[in-house]
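Below, each chain spelled out in residue letters.
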Amino acid sequence: MTSSTTLTGTYPMTINGQAISSTDSFGVINPATGAEFARAPQCTPQQLEEAVRAAEAALPAWGADEQQRITALRRLADVLDEHVQEIAAVLTDEQGKPLGAAAYEVSETARWLRASAELPLPEETVEAGPDVSVRVVRRPLGVVAAITPWNFPLLLLGWKVGPALRAGNTVVVKPSPYTPLSTLLVGELAQQVLPPGVVSVVSGGDELGARLSTHPGIAKISFTGSVATGKKVAAAAAEDLKRFTLELGGNDAAIILEDAEPEQILKGVFWGGFINCGQICAGIKRVYVPRSRHDEIAHLLAERARVVRMGPGTAERTQLGPLQNKAQFDRVAELVEEALAAGATAVAGGAPWDGEGYFFEPTVLTNVHEGMRIVDEEQFGPVMPIMAYDTVDEAVARANDSTFGLSGSVWGADIGRAQEVAQRLHTGTAFVNDHLALSPDIPFGGAKWSGIGVENGHWGLEEFTRIQVLHTPTRS
Ligand code: NAD
């Protein structure tokens, strides 16, 4: 077992328990400045082969010792907790989120890993007759490819690696090329507690993701990212009948009922949309309000947006950082500009900040409607379109009129009434007076184009297993 932890400066890959650099590298940009601040190794095809081969070689011993896996996962969680500040600093530099939020993400990743360690692998006896016994047990799938996006690089890593390892698989991780460093760092730290080859971390661009997901040594792809890439991953998996889980995009609607409290709206709806600068798959991206309350609610949310403290994630008291990358910044700016040109009103924000970095003002839009891209598409930025409805049936129909179906929420003082409405949402999760309430015990997944399969809880664990039926005579 190697434990060559480097907390500053260089960011090697981890392959077969070794810290590995590469002949080639790519730049990583700090979104608060727009300038490159570090480089990550560009994994070569040969190095990817080595990572997959090491994962295959580690499988038998890792799969055979359940207690070792539980202990290692608990210790991995401890290692993250011991290094929260160091990892958070890297995460803030590459992702842009405020330091406090980055530290929270690291701790949450540890919490998720710990929860995975404690999940029992289900086993069932379906027949225990005088002649025959039939048991259904869970077996690992093999080598898992864990492919992650740039918005929550570590938390989403934990969602995959925890249950994959608990079930007895080994993993090759490929983080987003925009945010590879915190994952590379965690990959190195993990070698303190994991046998070589159990988790390797390779870095590179989208083509590396494609190479990994078509690799014949990979049994399952656990992917979080955009719908467009998810479809490519599904097509790549089909060729070899690999198992896959897809956690994709969302365009979550919040429906506010007549009796919703202003306090709930301010706290829950506002931060349900703007947290992580709106770069969250299951964040609120459209708000439907009763026509009678439209102006009041738009005013309330706009006032809140105006006082949010935006700035570099390293600055004290920053609540919202920049958008993570230039392409995302340009996309948000374009969608807002297009909406304004088509008659939308920015009651707060509406423009990028002058100066360096990818900062875009927290924006609340009115006079928006379906047919505008800011409403129909996943904007993935600090923008909240507010739309009036006349009847609740109409609001539900408009919320459901989307190719996405990740989550949705209904807000009101009469919980029973709100719940009735929430049940009609075509989404993986339907909240009442909440949004984004995620937990390691609660399955998370999308309807429609928002994904296939779920993560978290025993449901998520089972997706990293295959069923084996053990059919044996009772008497010898
Ligand atoms: P993306 O699809 O561009 O990239 C995600 C990952 O896939 C990256 O590591 C990328 O390098 C890799 N990749 C790219 N092409 C590939 C290919 N052909 N084969 C295999 N891998 C490939 O997504 P992104 O822009 O990094 O992330 C933002 C998206 O992620 C948004 O749509 C967001 O909603 C979604 N997301 C979903 C969830 C969820 O749980 N449902 C969570 C977070 C983010």
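Note on numbering: residues in each chain are counted from 1, in written sequence order. For a predicted model such as this one, the threshold for reporting local features is a pLDDT of at least 70, and the threshold for listing and counting side-chain atom pairs is 80 or more; totals across whole chains, interfaces and linings nevertheless cover every residue. Computation of side-chain values: all heavy atoms of the structure, hydrogens and water removed.

**Things to note about the sheet that holds strand 22 (residues 465-473)**
Two strands make a pair as long as DSSP finds a minimum of two bridges between them. In this description a helix means any DSSP run of H or I spanning at least four residues, a strand means any run of E spanning at least two, and both kinds are numbered starting from the N terminus. The three strands lie next to each other as 5-6-22, forming an open sheet whose pairing is antiparallel. Each edge of the open sheet is held by one strand with a lone partner, namely strand 5 (124-128) and strand 22. With strand direction ignored, the average angle separating the axes of adjacent strands in the sheet is 20°. Structural elements are reduced to axes, namely lines fitted to C-alpha atoms, with helices fitted over the stretch in contact, and the angle between N-to-C directions of any two is expressed from 0 to 180 degrees.

**Some thoughts on the side chain of T170**
Looking at where T170 falls in the secondary structure, it is placed in strand 8 (residues 170-174). Residues are treated as being in contact if the distance between any of their heavy atoms lies within 4.5 Å. What T170 contacts, discounting residues up to four positions off in sequence, is A55, E56, A58, L59, W62, G142, V143, V144, L165, G197 and V198.

**Concerning the domain arrangement of the chain**
Per the domain assignment, the segments of the chain are domain 1 (4-248 + 450-470) and domain 2 (252-439). Those domain boundaries reflect an automatic or database domain assignment. If you average the C-alpha positions of domain 1 and of domain 2, the two centres end up 31 Å apart. The partner domain 2 presents 28 residues to the 25 residues of domain 1 that form the contact. Summed over both sides, the interface of domain 1 with domain 2 buries roughly 2000 Å², with 60% coming from carbon and sulfur. The term salt bridge refers to a side-chain nitrogen of Lys or Arg lying within 4 Å of a carboxyl oxygen of Asp or Glu. Run the count over domain 1 and domain 2 and you get zero salt bridges. Any pair of nitrogen or oxygen atoms within 3.5 Å is treated as a polar contact; in protein, a donor-acceptor pairing is required on top of that, and neighbouring residues in sequence qualify only through side-chain atoms on both sides. Across the contact surface, domain 1 and domain 2 share nine residue pairs in polar contact (both at pLDDT 80 or more). Ranked by the residues each element gives to the side of domain 1 that touches domain 2, the list is headed by helix 3 (residues 84-95), at four residues. Among the residues making up the side of domain 1 that touches domain 2, the classes are represented as twelve nonpolar, nine polar and four charged. By buried area we mean how much accessible surface two parts lose on assembly, using a 1.4 Å probe and totalling the loss over both. Following the grouping adopted for this structure description, the nonpolar residues are Ala, Val, Leu, Ile, Met, Phe, Trp, Tyr, Cys and Pro, the charged ones are Asp, Glu, Lys and Arg, and the polar ones are all others, Gly among them.

**Some words on the pattern of salt bridges**
Scanning the model with the defined rule gives 24 salt bridges in all. A salt bridge links R114 to D78, with the nearest nitrogen and oxygen atoms 2.9 Å apart. Here D78 lies in helix 2 (residues 66-82) and R114 lies in helix 4 (residues 99-118), a separation of 36 residues in the sequence. The class of R114 is partly exposed, set by a relative accessible area of 29%. Among the salt bridges present, the one from E377 reaches R373, with a minimum N-O distance of 3.1 Å. By relative accessible area, which is 26% here, R373 ends up partly exposed. Beyond isolated ion pairs, a larger network of salt bridges with shared partners links R331, E334, E338, R373 and E377. Type-normalised accessible area, obtained with a 1.4 Å probe on protein chains alone, sets the label of each residue: buried when under 20%, exposed when over 50%, and partly exposed for intermediate values.

**Structural notes on unusual backbone geometry**
The residue R317 is not glycine, and still its phi comes out positive at about 75°. Relative to the assigned elements, R317 resides in the loop between helix 10 (294-306) and helix 11 (326-341). Using a relative accessible area of 56% as the deciding quantity, one classes R317 as exposed. The phi angle at N433 is positive, at roughly 55°, despite the residue not being glycine. Along the chain, the position of N433 falls in the loop between strand 19 (429-432) and strand 20 (447-448).

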